[in-house]
Structure formats: structure tokens, C-alpha cells
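Chain by chain, the residues:
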Amino acid sequence: MTKIQKFAGVLMTMLSAIAVYCFFAFKYPYHLHFQEQYQLFEFTWGYFLGVVSVPGGLADWAGRFLTQFFYYAPAGAAVFALLAVAAQWLTWRVCRRPTLTAYALSFLPAAALVVFFCDEHALAGGAVALLLSLAAVALSGRVCVDGRRHVLQAVLVPVLYFACGPLAVAYVLLTVWAEVLRCGRRALLAICVLLLLALLCPIVASRLVAYPLGRLCLGVHYYRYHNIVPGLLWAAALAAVCVPPLAGIRSRFLSSTPAGLGAFALVAALGVFFTFRASDASKEEWMRYDFMVRMEMWNRIMMTADVRNPDNPKTVSCLNLALAKTGRIADSQFEYFQNGPEGLLPEFVGDCTNPVSTGEIYWHLGMVNTAQRFAFEAQEAIPDFQKSARLYKRLAQTNIVNGDGAVARKYLQSLTHTLFYRRWARETLALLDAGDIFAHRPELALARDRRLKEHDFLFSASEMDSMLGLLKVENPANTMALDYLMAWCLLRKDLDRFAECIALVEAPAMPKAYQEALLLRWAQQHGSLEGMPPYLSMAHAQRLNRFILDMQAGKPEAELLRTYGNTYWFYYFYRYRSR
């Protein structure tokens, strides 16, 4: 390539790296946090041996090592940018004709990997496996002596298969193509040996490890769900195999600078289009709320909701938790969209995602046993059978609060071998040994004080109001339990039960939502607002009258939403339909 073309190539790589970094750092950062919380990377020899003992284990171990840095989104975005740049550079190194068009086409595997990473269940080990295969092609190609090169190529097939898994087929195909170009018919025996070894590797592995042959042919640790074939990852491998032959086409036009720039523009356009098509804004929003709950960013949650009102039950439950933690739920709950009790206390779902954020609610309420159960169930439901550092931390906390120090130490010992949880785990272990853990961990002391001592129970959705009431009765200082009890009755539209529980409210002024609910109940029972209790606001009563008149006049829901959307009455008549 000319100097101008080399400069253009460097500029292409820099622009691509910046684009990938900005996408994951600013548009998709919470997918990175989601990835990090579903693994527990330990710096121990036993952990290393356990991971690398299956085909593709070395690449998987390296991918897990990189994933732990997703604890910080900028670091995770930098990791993805480096993986994409490495995929592009290694693909370029495999190309035999150094043209600007070949350089532009070498971005195809990197673009496919970026699209693949938009899936929250895509594992970084798959990208590492492809990079190792491409690096092996470049390494073996540097050996000039035919005999030595053929021996090295044959040895690398089983080595790569057990290090990278079935993505080693990219190495086999690219090596076959390179040998055909270099030696022609003289390489026929070497090519047959390579193909035979590629076929034998998964068969031999099926005799050594407890995995079915189909899994060993498609990959064990490329994707979190083992029953799903990661098509985009294999598309990236196919692109890496096809680019060198395409780049080898001899053409004066294809060797020109305009052709190279045009090819890069096309690849970049395809990458941007498919990346934004693969990204899921609704999942990113929920992961954002879940992360803010994890970090206890209550004010930030409400600021986020003020910009865009959430409407997913999982995100609404996070918002309601933030309102309760800041003491605003009684006054401000119906200023935001509410979709029934599922947006307050979601029902248990036996997967690895829903119980995580729901368990946070029970932890802050003081239902320690329920929070522990949700954390344990979520961890056991992780599809690729990994452990979770976030859930290990919560399980350690719940066991400490319940007085099970020996069990808590088991979780804490594992966390001491991690990078970003080590300090917290070591300090907690030291406090446990000293016996003054609750004096230095106020969040644990608060959970201990709030939990039920003599009537503890596990989660029961059918008796939620009774459980919340018992939390309040046993610990009058647990105002959050009362807030959730009243909100639970309101969201279920159970005004009779709400009126029974109103006696528990001890506030100098009755909150707005409570007044609206009591006014509505009075109007339903008496047919008008005459004779209403004096503690109910006349201003709220007059507004209820206007709402009833507007509703009876047949005004459309959209107009009522603009005028009364922040009232309990609008929720009662136009939102959640009780079962």
C-alpha cells in the first residue's frame, strides 16, 4: 500500500475503535454491568483448571477474565473496542495481498462481533476463541520450511480445538486455503491430515468430557444458553474465512484508493445498521434501573424517570423502590405510570434475571429470608452454571443477618479471590472475626432490625398485605413496610383493605394519594362527597367532582390523562384491571 493508503488504514482502525467504544460506553453500558454480574472470576488454580478442562476452556477463561472489568462500563467498552480491533488486524494479517480494499474488508469479522455483543447473553470467550484461531494462522504462516510448517499446522489443530473449541475450524479452513496457494498439489497430504484432525477432535473430546457431540461441534461456552447456536459469532468466523480469498482477487480497480474507501464505507454502514438493529433499548432501560438499584442511586432513578416515565413492570418496581427509600411514594407514586401490583412487588419467576432486582426490594423491606431465597434461585438458574459475584455478596449479607456466619464465610472466601469484590469481602471477614460486624455495616444492622424475629416466613404472594403489616407491627420504625402495604392495597384497588390499614399511618398531613383513595371510597359508598371527614382536603374533593363530571361527559382517555394523569382516580378507572 502507498503511504496515503496506510494512513487511511490507520484512520479506519482509529475511527472504528472510537465508534465501538462510544457505543458501549454511552449507549449500551448497562449491558456490560449485566454481563459482569453473572460470573464469579476467581484468581485461583482450582478455578482455572475447572474452566479449561473442557474444549474451548482456555478461550472461555480469558473471556471471563476480560468480563470482570465490565464492573466499570468504560473499561468494558475499552475491552470490546480492543477485541474488535484485534479481530480486524488479525484478519488483515491473514490476507496475502496488502491492498486498501483488503484492509477495509478485514473489518467484516469485527463488525459481526460487535453485533454479536449486543446480545446480553453473548460471552466474550467466543471472540477470544476466534482471535486465537486467527493468530495461529498468522503464526504458522511465518514458518517458511514446508515440512516444519506442516508439522506445526497439524499440532495446532488439536491444541486449538481444546483451547478455543470448534471455532478452531476457522484456523483449519484458512490454513488449507493458504497451503493451496503456496504449495498447490504438494500440500494435498498436509491438507487431508488437517481436515481429518478437525473431524476427529470433537469425536475424541466426546469420549473425554461429559458433553454431547453436538455441543462439542458447536461450542460449549460461546453463549450463555447452551441450547442456542450463536449464529452471529459463526457469521464472524465465516467472514474471517472468506475475507482473505476475496481480498486476493487481482484487480486494478480493487487495488485503488477509492475502492478501498468505498468498501470501508459499505462495511461501516452495514455494521452501524445491524448494530442498532440488534440493540434492545427496552432491555437497556431495565438494566439501567437494576444497576441504579444495585448501587442505591435513588435520586438518580427518579431523575431518570422524570425524563422518561418507565412503563415496564420491572423498571416501575425499581422506581417505586426509589420513591419508598426517599420517602416520596405516598405523595408521588401516581405521578408516574403504574401498572398494578406487578410494578410494586413482581411475582417470582424462575429465571436468572427477574429475582435479582425483585430480591433487592425484599432486602430493603426487611424480608431477609425472601431476599436470600430469590438470590439463591437466581444463581441456580444461570444457564451456563456460573456463579454470580453480585449474588454471592447478597447471600453473604443475608446469612450474616440471619446469624449463619459459617455459611457467610463460604461466600466471602470465594469473593476474596476476585478483583473488584476482594476488599469488601476481606473487610467483612475481619469484622466477622472481631464480632462487631453490625457496628461497622449499618446496612446489615438495619436489615437485622427490620427482619421478623419470631414469625419469619418465606415469600407468599397471596398474603402480601399480611406480611407487610406484620413487618410494620413488629418494627414500628419500618416506615417502608407501611408505605408498601398502603401502595399494595391501592394498586390492587382494594379500598376496603386500604381503609382498614389507614389507622397505621402516623403523619402530620395525610399524603395526597391516600386522600384521593379515601375520597373515592367515600363517594362510592355515599353517592356524593357530602359529610366527608374533615381531615380530607376540600381542594382534592372539588377536583374529584370535576374528574367524575368529565368522565361522565365522555371525554376521551387521552384528555383525562393530561388533566388527571397524576391522580389515583385515573389509575383506578383507566389502568390496571384487577383479576
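The sections below set out a description of the structure shown in this document. Here the structure is a predicted model, which means the values were calculated and not measured. (Residues numbered from 1 in each chain as written. Predicted model: local features only at pLDDT ≥ 70, side-chain atom pairs only at ≥ 80, totals over all residues. Heavy atoms only, no water.)

On to the pattern of salt bridges, then. According to the stated counting rule, one finds 21 salt bridges in the structure shown. Between Arg-423 and Glu-427 there is a salt bridge, with its nearest N and O atoms 3.2 Å apart. Of this pair, Arg-423 and Glu-427 both sit in helix α23 (residues 422–434), four residues apart, which is roughly one turn of that helix. Taking the relative accessible area as the measure of exposure, Arg-423 reaches 66% and is therefore exposed. The closest approach of N and O atoms between Arg-521 and Asp-496, which form a salt bridge, is 3.1 Å. Taken together, the positions of Arg-521 in helix α29 (residues 512–526) and Asp-496 in helix α28 (residues 495–501) put the pair 25 residues apart, joining distant regions of the chain. We classify Arg-521 as partly exposed; its relative accessible area is 22%. (Salt bridge = Lys/Arg side-chain N within 4 Å of Asp/Glu carboxyl O. Helix = DSSP H or I, 4+ residues; strand = E, 2+ residues; numbered from the N terminus. Buried < 20%, exposed > 50% of the residue type's maximum accessible area, 1.4 Å probe, protein only.)

Turning our eyes to something else, we now look at the nonpolar core. Ranked by internal contacts, the top residues of the largest apolar core, which has 102 residues, are Leu-345, Leu-468, Tyr-484, Leu-490, Phe-498 and Tyr-568. Counting residues per element, this core draws most heavily on helix α27 (residues 479–491), at eleven residues. Not counting residues within four places of it along the chain, the set of residues in contact with Leu-490 comprises Phe-334, Leu-495, Phe-498, Ala-513, Tyr-514, Ala-517, Tyr-568 and Tyr-571. Grouped together as the second largest cluster of nonpolar side chains are 63 residues, Ala-110, Leu-174, Val-176 and Cys-183 included. (Core = buried A, V, L, I, M, F, W, Y, C linked by side-chain atoms within 4.5 Å. Contact = heavy atoms within 4.5 Å.)

Of all eight residues in helix α2 (residues 29–36), eight are buried; the element is thus mostly enclosed. Looking only at α2, the buried set comprises Pro-29, Tyr-30, His-31, Leu-32, His-33, Phe-34, Gln-35 and Glu-36. Against α1 (3–27), α4 (57–67), α5 (73–94), α15 (281–294) and α16 (298–307) lie the buried residues of α2.

So, on to the side chain of Arg-451. Within the fold, Arg-451 resides in the loop between α25 (442–450) and α26 (464–474). At 3.0 Å, the side chain of Arg-451 forms a polar contact with the side chain of Asn-402. (Polar contact = N/O pair within 3.5 Å; in protein donor to acceptor, adjacent residues only side chain to side chain.)

With that settled, consider the packing of aromatic side chains. All told, the structure shown has 44 aromatic pairs when counted by the stated rule. Ring centres of Phe-41 and Tyr-47 lie 5.3 Å apart, and the angle between their planes is 75 degrees; on these two criteria the pair is classed as edge-to-face. The same class applies to Phe-41 as to Tyr-47, namely buried. Each residue in the set Phe-41, Phe-43, Trp-45, Tyr-47, Phe-48, Trp-61, Phe-65, Phe-69, Tyr-71, Tyr-72, Phe-420 and Tyr-421 is aromatic and connected to the rest through ring pairs, giving one cluster. If you follow Lys-410 out to its NZ or CZ, it ends over the ring of Tyr-411, 4.7 Å from the centre. A cation over a ring is seen here: Arg-448 above Phe-438, with NZ or CZ 4.3 Å from the ring centre. (Phe/Tyr/Trp six-rings, centres within 6.5 Å; stacked < 30°, edge-to-face > 60°. Lys NZ or Arg CZ within 6 Å of the ring centre and 35° of its normal.)

Our next topic: unusual backbone geometry. Phi is positive for Glu-296, close to 55 degrees, though the residue is something other than glycine. By secondary structure assignment, the location of Glu-296 is in the loop between α15 and α16. Not every positive phi belongs to a glycine, and Lys-493 is a case in point at roughly 60 degrees. Tracing the backbone shows Lys-493 in the loop between α27 and α28. On the basis of relative accessible area, Lys-493 is assigned to the buried category, the value being 15%.

Across its 19 residues, helix α9 (residues 146–164) extends 25 Å between first and last C-alpha, which sits within 8% of the 27 Å expected from 1.5 Å per residue. Of the positions making up α9, those classed as buried are Arg-149, His-150, Gln-153, Ala-154, Leu-156, Val-157, Leu-160, Tyr-161, Ala-163 and Cys-164. Looking at the buried residues of α9, the elements they touch are α4, α8 (124–141), α10 (169–183), α11 (188–208) and α12 (213–218). (Expected span 1.5 Å × (residues − 1).)

All right, on to the packing of α29 against helix α30 (residues 538–552) then. Relative orientation of the contacting elements α29 and α30 amounts to 55 degrees, with a least axis distance of 10 Å. One finds that α29 runs oblique with respect to α30. In the packing of α29 onto α30, the handedness of the crossing is right-handed. Along the contact surface, α29 presents Lys-512, Gln-515, Leu-519, Leu-520 and Ala-523, while α30 presents His-540, Ala-541 and Leu-544. A per-class count over the contact of α29 with α30 returns five nonpolar, two polar and one charged. (Axes fitted to C-alpha atoms, helices over the stretch in contact; angles between N-to-C directions. Parallel < 35°, antiparallel > 145°, perpendicular 65-115°, else oblique. Left-handed = near helix turned anticlockwise from the far one by under 90°. Nonpolar A, V, L, I, M, F, W, Y, C, P; charged D, E, K, R; others polar.)

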